[in-house]
Amino acid sequence: MQVEHIEQRLLEHFPSSEVAVNGDGSHFDVRVVSDAFAGLRAVKRQQLVYAAVNDWIRDGSLHAINIKALTPDEAQS
């Protein structure tokens, strides 16, 4: 799995967002800053991010993902 593939997929699901992905092989750290997370609890935010890459998790291409899902205001703090 390539960092660029994950970034592209997340940008498709969260347009006009800031996406950063770091990792190697099958373990990745993901940071998504999006207005889509406004008013949502942390669990719901993570579920939205997981939904974008769930097919890769199911087929084993993506083994582990650590998610930071923030609103723009939270990212500024």
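Everything here concerns the structure above.
Residues numbered from 1 in each chain as written. Predicted model: local features only at pLDDT ≥ 70, side-chain atom pairs only at ≥ 80, totals over all residues. Heavy atoms only, no water.

Participant: Residue-level account of helix α1 (residues 3–13), with values.
Facilitator: Three or more residues of α1 are buried, namely Val3, Ile6, Arg9 and Leu10. Seen end-on, α1 carries its buried residues on one side only, within an arc spanning 135°. Those residues of α1 that are buried lie in contact with β1 (18–24), β2 (27–33) and α2 (42–58). (Buried < 20%, exposed > 50% of the residue type's maximum accessible area, 1.4 Å probe, protein only. Helix = DSSP H or I, 4+ residues; strand = E, 2+ residues; numbered from the N terminus. Arc of directions from axis to C-beta. Contact = heavy atoms within 4.5 Å.)

Participant: Explain the packing of aromatic side chains to me, and be specific about the residues and the numbers.
Facilitator: For the structure shown, the criterion picks out 1 aromatic pair. Measuring from ring centre to ring centre gives 5.3 Å for phenylalanine 14 and phenylalanine 37, while their planes differ by 50°; the resulting arrangement is tilted. A residue pair is termed long-range when its members are at least 10 positions apart, and phenylalanine 14 in the loop between α1 and β1 and phenylalanine 37 in the loop between β2 and α2 qualify at 23 residues. For the pair phenylalanine 14 and phenylalanine 37, one class covers both residues: buried. Its end group placed over the ring of tryptophan 56, arginine 9 keeps NZ or CZ at 3.9 Å from the ring centre. (Phe/Tyr/Trp six-rings, centres within 6.5 Å; stacked < 30°, edge-to-face > 60°. Lys NZ or Arg CZ within 6 Å of the ring centre and 35° of its normal.)

Participant: Account for the nonpolar core, with residues named and values stated.
Facilitator: Counting residues in each nonpolar core, the largest one holds 18 residues, and the members touching the most others are Ile6, Leu10, Val21, Val30, Val32 and Val49. Those elements giving two or more residues to this core turn out to be α1, β1, β2, α2 and β3 (64–70). The biggest single contributor to this core is α2, with 4 residues. (Core = buried A, V, L, I, M, F, W, Y, C linked by side-chain atoms within 4.5 Å.)

Participant: Lay out the environment of tyrosine 50 in plain terms, naming residues and giving numbers.
Facilitator: Relative to the helices and strands, tyrosine 50 resides in helix α2. What makes tyrosine 50 partly exposed here is its relative accessible area of 32%. If near-sequence neighbours (up to four positions away) are discounted, tyrosine 50 is found in contact with Ile57, Ile65 and Ile67.

Participant: Can you lay out the packing of α1 against α2 for me, pointing to particular residues and giving the numbers?
Facilitator: Put simply, α1 and α2 touch, their axes get as near as 9 Å, and they point 135° apart. With respect to α2, the element α1 is oriented oblique. Between α1 and α2 the crossing geometry is right-handed. For the pair α1 and α2, contact is made by His5, Ile6, Arg9, Leu10 and His13 and by Val49, Ala52, Val53, Asp55 and Trp56, respectively. Taken together, the residues of the contact of α1 with α2 break down into 6 nonpolar, 2 polar and 2 charged. (Axes fitted to C-alpha atoms, helices over the stretch in contact; angles between N-to-C directions. Parallel < 35°, antiparallel > 145°, perpendicular 65-115°, else oblique. Left-handed = near helix turned anticlockwise from the far one by under 90°. Nonpolar A, V, L, I, M, F, W, Y, C, P; charged D, E, K, R; others polar.)

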